[in-house]
Amino acid sequence: MSIVDEKVWDRVYFYLDMMNLPYKDVGEKMERHVVLLYESTQIHIVSGEDNIVFIADVIEGVEGTQELLKFLLTDGAKPFGNVRFDENKVYIGYSLPVETLDFNIFATVLYQFSMYADWLDDEIKKRFGGKRISDMIQGINEEAEQKPKRRIGFK
């Protein structure tokens, strides 16, 4: 068992390029991963032991009530099952073994996973509150627009 190698990453990049998806390569070596946005959520593709892992930052700032936890363990866990609640944040994940990594499987899993994460963040926000990635990006953009512009020269 080892962290996936450069050949696997080359295939991941090739598949993302074939799908014409904008992504950002983050980190190096052991902390290397790819980040892309889908609708209101953010998807990370990370290296695991003989697999690649899809992780979605679903929502932040949500209260860990019994109702939320029950939802995450039942309806929220379908179809991917790997739901995590930590420090008022919800994540989901899915592991794809490297030996099954071909374009059709990769594209299907990424698409279905992204759609599900996008549905899940909307559903949690509607029922339990919190902020989706798109809400946080919008807040940052609004904050930047409100700051006075620095100018050089005369008025």
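The structure this text deals with has already been given above.
Source: prediction; values computed, not measured.

Caption draft 1: Inspection of the sheet that holds strand β1 (residues 24-26) at higher detail. If you walk across this open sheet you meet the six strands as β1-β2-β3-β4-β6-β5, and the pairing is antiparallel. The open sheet has two edge strands with one neighbour each: β1 and β5 (82-86). Here the strands of the sheet are splayed against their neighbours by 25° on average, with no regard to which way each runs. Where strand β2 (residues 33-38) lies against strand β3 (residues 41-47), six bridges are found, and the strand directions are antiparallel.

Caption draft 2: Quick peek at the pattern of salt bridges. Inspection of every chain in the model, using the stated rule, returns four salt bridges. Between Glu123 and Lys126 there is a salt bridge, and its shortest N-O distance comes to 3.5 Å. Placement of both Glu123 and Lys126 in helix α3 (residues 103-128) is noted, with a separation of three residues, approximately one turn of the helix. Glu123 sits in the buried class, given a relative accessible area of 11%.

Caption draft 3: Spotlight on the nonpolar core. Counting residues in hydrophobic clusters, the biggest one holds 34 residues, and the most contacted among them are Ile45, Ile52, Phe54, Phe106 and Ile124. For this core, the secondary structure elements donating two or more residues are α1 (6-18), β2, β3, β4 (51-60), α2 (66-73), β6 (89-97) and α3. For this core, the element with the highest residue contribution is α3, accounting for eight residues.

Caption draft 4: Quick look at the packing of α2 against α3. Across the interface, α2 lies against α3 with an axial gap of 11 Å and an inter-helix angle of 155°. The pairing of α2 with α3 is recorded here as roughly antiparallel in orientation. Our pair here, α2 against α3, has a crossing hand that is right-handed. Counting all contacts with α2, which are made through Glu67, Leu68, Phe71 and Leu72, the residues of α3 involved are Trp119, Leu120, Glu123, Ile124, Arg127 and Phe128. Across the contact of α2 with α3, the residue classes tally to seven nonpolar, no polar and three charged.

The rules behind each value
Residues numbered from 1 in each chain as written. Predicted model: local features only at pLDDT ≥ 70, side-chain atom pairs only at ≥ 80, totals over all residues. Heavy atoms only, no water. Pairing = 2+ DSSP bridges. Helix = DSSP H or I, 4+ residues; strand = E, 2+ residues; numbered from the N terminus. Axes fitted to C-alpha atoms, helices over the stretch in contact; angles between N-to-C directions. Salt bridge = Lys/Arg side-chain N within 4 Å of Asp/Glu carboxyl O. Buried < 20%, exposed > 50% of the residue type's maximum accessible area, 1.4 Å probe, protein only. Core = buried A, V, L, I, M, F, W, Y, C linked by side-chain atoms within 4.5 Å. Parallel < 35°, antiparallel > 145°, perpendicular 65-115°, else oblique. Left-handed = near helix turned anticlockwise from the far one by under 90°. Contact = heavy atoms within 4.5 Å. Nonpolar A, V, L, I, M, F, W, Y, C, P; charged D, E, K, R; others polar.

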